[in-house]
Amino acid sequence: MKKVRAVDDIEFELAPEYNIAKGTEFGIGGVQDDGVILIAANGDRFLLDTDTFEAGFEISEL
C-alpha cells in the first residue's frame, strides 16, 4: 500500500476534530473524482479533497 505523510499541520475550521498533525502518515485507499481516500493507522477512512491532498502531503514510502 502506498503511504503519504502530512508536510505541515492541516487544520479544518469547521471540523477541528479532524485536524491532521505534521508528519502523520496515512495509507492511500483510493482516488475518486472528488478526493483521495486516506486510511489512518487505526483503520479509519477519510475522504480528503484533491486540492488539500496535493498541497499537504508527500510520499512517505515507495
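It should be emphasised that the depicted structure is a prediction, and the values quoted were computed from it without experimental measurement. (Residues numbered from 1 in each chain as written. Predicted model: local features only at pLDDT ≥ 70, side-chain atom pairs only at ≥ 80, totals over all residues. Heavy atoms only, no water.)

**Points about a negative patch on the surface**
Step number 1: A surface patch of like charges, here negative, comprises Asp8, Asp9, Glu11 and Glu13.
Step number 2: Considering the arrangement of structural elements, one finds aspartate 9 in the loop between β1 (3–6) and β2 (25–32). (Patch = residues over 30% accessible without salt bridge, like charges linked within 9 Å, V, L, I, M, F, W, Y side chains within 5 Å. Areas by Shrake-Rupley, 256 points an atom, 1.4 Å probe, with all protein chains shown as cover. Salt bridge = Lys/Arg side-chain N within 4 Å of Asp/Glu carboxyl O. Lys, Arg positive; Asp, Glu negative; His and termini not counted. Charge placed at Lys NZ, Arg CZ, Asp CG, Glu CD. Helix = DSSP H or I, 4+ residues; strand = E, 2+ residues; numbered from the N terminus.)

**Things to note about the layout of surface pockets**
It is the rolling of a water-molecule-sized probe over the atoms that shows where space remains empty.
Step number 1: Approximately 210 Å³ is the volume found for the largest pocket.
Step number 2: Looking at the lining of the largest pocket element by element, the count peaks at three residues for strand β4 (residues 45–48).
Step number 3: When grouped by side-chain class, the residues that make up the lining of the largest pocket number nine nonpolar, two polar and one charged. (1 Å grid on protein atoms, 1.4 Å probe; cavity = no way out; pocket = protein on both sides within 12 Å on 5 of 7 lines; lining within 4 Å. Points joined across faces, edges and corners; volume = space filled by probe spheres on them. Nonpolar A, V, L, I, M, F, W, Y, C, P; charged D, E, K, R; others polar.)

**Observations regarding the environment of serine 60**
Step number 1: On the secondary structure map, serine 60 appears in strand β5 (residues 57–61).
Step number 2: For the pair serine 60 and arginine 5, spaced 55 residues apart in sequence, the C-alpha to C-alpha distance is 5.5 Å.
Step number 3: Ignoring any residue separated from it by four or fewer positions in sequence, one finds serine 60 in contact with Lys3, Val4, Arg5 and Glu25. (Contact = heavy atoms within 4.5 Å.)

**Brief notes about the sheet that holds β4**
Step number 1: Here five strands make up an open sheet; going across it, the order is β4-β3-β2-β1-β5 and the pairing antiparallel. Both outer strands of the open sheet, β4 and β5, are each paired with one neighbouring strand and no more. Each neighbouring strand pair of the sheet contributes to a mean axis angle of 45°, computed without reference to strand direction.
Step number 2: Judged from the five bridges that link them, β2 and strand β3 (residues 35–39) form a sheet pairing that is antiparallel. (Pairing = 2+ DSSP bridges. Axes fitted to C-alpha atoms, helices over the stretch in contact; angles between N-to-C directions.)

**What to know about the nonpolar core**
Step number 1: In terms of nonpolar packing, the biggest core is built from 11 residues, these being Val4, Ala6, Ile10, Ile20, Phe26, Val36, Leu38, Ala40, Leu48, Phe53 and Phe57.
Step number 2: Of all the secondary-structure elements, those providing two or more residues to this core are β1 and β3.
Step number 3: Apart from the residues lying within four places of it in its own chain, the contact partners of phenylalanine 57 are Val4, Arg5, Ala6, Val7, Ile10, Ile20, Thr24, Phe26, Leu38, Leu48 and Thr52. (Core = buried A, V, L, I, M, F, W, Y, C linked by side-chain atoms within 4.5 Å. Buried < 20%, exposed > 50% of the residue type's maximum accessible area, 1.4 Å probe, protein only.)

**What to know about the packing of aromatic side chains**
Step number 1: Taken as a whole and judged by the stated rule, the model has four aromatic pairs.
Step number 2: Here the aromatic rings of tyrosine 18 and phenylalanine 46 are separated by 6.0 Å at their centres, their planes lie at 75°, and the arrangement is edge-to-face. With a gap of 28 residues between them, tyrosine 18 in the loop between β1 and β2 and phenylalanine 46 in strand β4 connect regions that are remote in the sequence.
Step number 3: Measuring from ring centre to ring centre gives 6.0 Å for phenylalanine 26 and phenylalanine 57, while their planes differ by 75°; the resulting arrangement is edge-to-face. Taken as a pair, phenylalanine 26 in strand β2 and phenylalanine 57 in strand β5 lie far apart in primary sequence, 31 residues in all. This pair shows no difference in class: phenylalanine 26 is buried, exactly as phenylalanine 57 is.
Step number 4: Site record: aromatic cluster; members linked through ring pairs are Tyr18, Phe26, Phe46, Phe53 and Phe57. (Phe/Tyr/Trp six-rings, centres within 6.5 Å; stacked < 30°, edge-to-face > 60°.)

Nothing here speaks to function; it is geometry throughout.
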